[in-house]
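Tertiary structure, described
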Amino acid sequence: MSITIYHNPACGTSRNTLAMIRSSGVEPQIIEYLKTPPDRATVMRLIADAGLTVRQALRQKDTPYAELGLADAALSDEQLLDAIAAHPILLNRPFVVTPKGTRLCRPSETVLEILPNPHIGHFVKEDGEVVQAD
């Protein structure tokens, strides 16, 4: 079974999502997207498969979003994709791909929608929030 997570180990949501995948009994392929940014076609596929627009996939917090003027509604998807290519931190995370679909897993428990085995039992996030998956 193939599960891929586009992961940032510095992100709590990403770490929680990875832990939930592992709790389901699968060791996913982990792509640290800041070290190995996905190419443009992959970014476009992740966004489309998750049912998002390019703008919805942008991360604003702790990124150069404001400095680059990306809030400008006149910017095209191509321009936003150029910004993501130049600054991969602008791609929100974590994206997870499974045989059941692709999701931007914010909040982290969104991953349960696409895990082949979503029964992870009692799970506690890093911040202490309890997720009951069963």
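The text that follows walks through the structure, step by step, so that each part is easy to find. A quick note: this is a predicted structure, and the numbers were derived from the prediction, not measured. (Residues numbered from 1 in each chain as written. Predicted model: local features only at pLDDT ≥ 70, side-chain atom pairs only at ≥ 80, totals over all residues. Heavy atoms only, no water.)

**Structural notes on the environment of Asp82**
Along the chain, Asp82 turns up in helix α3 (residues 77-86). The spatial distance from the C-alpha of Asp82 to the C-alpha of Arg40 is 8.5 Å, given a sequence separation of 42 residues. Polar contacts involving the side chain of Asp82 include one to the side chain of Arg40, which spans 2.8 Å. (Helix = DSSP H or I, 4+ residues; strand = E, 2+ residues; numbered from the N terminus. Polar contact = N/O pair within 3.5 Å; in protein donor to acceptor, adjacent residues only side chain to side chain.)

**Focus: unusual backbone geometry**
Between Arg93 and the following residue, Pro94, the backbone shows a cis peptide bond with an omega angle of 0°. Summarising the element assignment, Pro94 is placed in the loop between α3 and β3 (95-98). Between Arg106 and Pro107 the backbone carries a cis peptide bond, its omega angle lying at 5°. Here Asp62, not a glycine, exhibits a phi torsion of approximately 60°, which is positive. Structurally, Asp62 is set in the loop between α2 (40-49) and α3.

**A look at the sheet that holds strand β4 (residues 101-104)**
The four strands lie next to each other as β2-β1-β3-β4, forming an open sheet whose pairing is mixed. Lying at the two open borders of the sheet, with one neighbouring strand each, are β2 (29-32) and β4. Pairs of neighbouring strands in the sheet enclose a mean axial angle of 15°, with direction left out of account. Pairing between β3 and β4: four bridges, direction antiparallel. Within β4, the position partnered with Val96 by the bridge is Arg103. Sheet strands touched by helix α1 (residues 12-23): β1 (4-7), β2 and β3. Its angle to β1, the strand with the most contacts, is close to 160°. (Pairing = 2+ DSSP bridges. Axes fitted to C-alpha atoms, helices over the stretch in contact; angles between N-to-C directions. Contact = heavy atoms within 4.5 Å.)

**Looking at the pattern of salt bridges**
Following the criterion strictly, the structure yields eight salt bridges and no others. In this structure, the salt-bridge partner of Glu126 is Arg15, at a minimum N-O distance of 2.7 Å. On the criterion of sequence distance, the pair formed by Glu126 in the loop between β5 (122-124) and β6 (130-132) and Arg15 in helix α1 is long-range, its members being 111 residues apart. Of the residues examined, Glu126 reaches a relative accessible area of 49% and is grouped as partly exposed. (Salt bridge = Lys/Arg side-chain N within 4 Å of Asp/Glu carboxyl O. Buried < 20%, exposed > 50% of the residue type's maximum accessible area, 1.4 Å probe, protein only.)

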